[in-house]
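Reading the structure
Below, each chain spelled out in residue letters.
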Amino acid sequence: MAQEGISFADIPFADRADAGRRLARVIEAHLTEKADFADPLVMALPRGGVPVAFEVARTLGASLELLIVRKIGAPGHPEFGLGALVDSDEPQVVLNAEAMRIVNPSEKYVQAETERQRLELARRRVLYLGDQTRISPSGRNVIIVDDGIATGGTAKAAAKALRQAGAAALMLAVPVAPKSAIASLGDDVDRLVCLASPTPFHAVSIYYDDFEQTTDAEVIALLRQARGGDTGFGQR
């Protein structure tokens, strides 16, 4: 994995759009210097990753697509991820072997929780994308974008699912993440761009002046703008 853009002086970000513009400049410089990641497809992790990815895609002249990921939480502790369900033509289940070993949930529980998240994933797909044809990551250089990383579990699941879907190469690009998460993702992506990796690391929200929740309406509006062929966006 090649790691780029680690800095400690660029926080807080004003908001997600500001973070996206700053992230885009670093990615653009990296891609200009190293021309081995041509014609990228930008994939946003909703909801918070969409405003960030929108700015990245616009700067790069790249297509913007969603990668919807739903955490499969542990019994009684939904914030503790056993794995994740990642959207695709056939949603992929990516389980965390270590978390599964620690919790040792029943097969019945995992199946039921996976199905619950499958229904929510399908609801969000219809809400955000409607009947739009999705852009396949197969054979593409994919840039995964989120508004920040806390543990890295969602990003890891996304990367593994994209590998299985045939992505040619993967870059993970985020405004802020802890060093531990960056280290844990080293084997999952080919490039990792992170603008700030403060120590000690607190919640992602701490590193933004404005971290209001991204709404469904905002996600839909940004996708419509990107897919509408506005200047600066690719359509492949």
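Residues numbered from 1 in each chain as written. Predicted model: local features only at pLDDT ≥ 70, side-chain atom pairs only at ≥ 80, totals over all residues. Heavy atoms only, no water.

Identification of the protein as Phosphoribosyltransferase from Sinorhizobium kummerowiae is taken from an unreviewed UniProt entry.

Moving on: helix α1 (residues 16–33). Here α1 is 18 residues long and its end C-alpha atoms lie 26 Å apart, about the 26 Å a rise of 1.5 Å per residue gives. If you check which residues of α1 are buried, you get R16, D18, A19, G20, R22, L23, A24, I27, H30 and L31. The N-capping residue of α1, defined by a side-chain oxygen 3.2 Å from the backbone nitrogen of A17, is D15. (Helix = DSSP H or I, 4+ residues; strand = E, 2+ residues; numbered from the N terminus. Expected span 1.5 Å × (residues − 1). Buried < 20%, exposed > 50% of the residue type's maximum accessible area, 1.4 Å probe, protein only. Polar contact = N/O pair within 3.5 Å; in protein donor to acceptor, adjacent residues only side chain to side chain.)

Moving on: the domain arrangement of the protein. Along its sequence, the protein is organised into domain 1 (16–66 + 134–225) and domain 2 (70–129). For domain 1 and domain 2, the distance between their C-alpha centroids amounts to 21 Å. The interface of domain 1 with domain 2 comprises 15 residues on the first partner and twelve residues on the second. Summing the contributions of domain 1 and of domain 2, the shared interface buries around 1200 Å²; its carbon and sulfur component is 61%. The tally of links from domain 1 across to domain 2 stands at one salt bridge. Note that D87 is salt-bridged to R134, the shortest N-O span being 2.6 Å. In this assembly, domain 1 and domain 2 are joined by four residue pairs in polar contact (both at pLDDT 80 or more). Elements with a minimum of two residues in the side of domain 1 that touches domain 2: β3 (63–66), α5 (153–164) and α7 (216–227). (Domains from an automatic or database assignment. Contact = heavy atoms within 4.5 Å. Buried area = accessible area lost by both parts, 1.4 Å probe. Salt bridge = Lys/Arg side-chain N within 4 Å of Asp/Glu carboxyl O.)

Of the strand pairs in this sheet, strand β4 (residues 69–74) and strand β5 (residues 77–86) are connected by six bridges, and their pairing is antiparallel. Of the residues in β5, the one forming a bridge with K71 is A84. Counting the residues in the hairpin turn of β4 and β5 gives two residues, including G76, whose phi is positive at 75°. Where β5 and strand β6 (residues 92–95) come together, four bridges link them in antiparallel fashion. Across the sheet, residue V86 finds its bridge partner in β6, namely Q92. Hairpin geometry of β5 and β6 is characterised by an intervening segment of five residues between the two adjacent antiparallel strands. (Pairing = 2+ DSSP bridges.)

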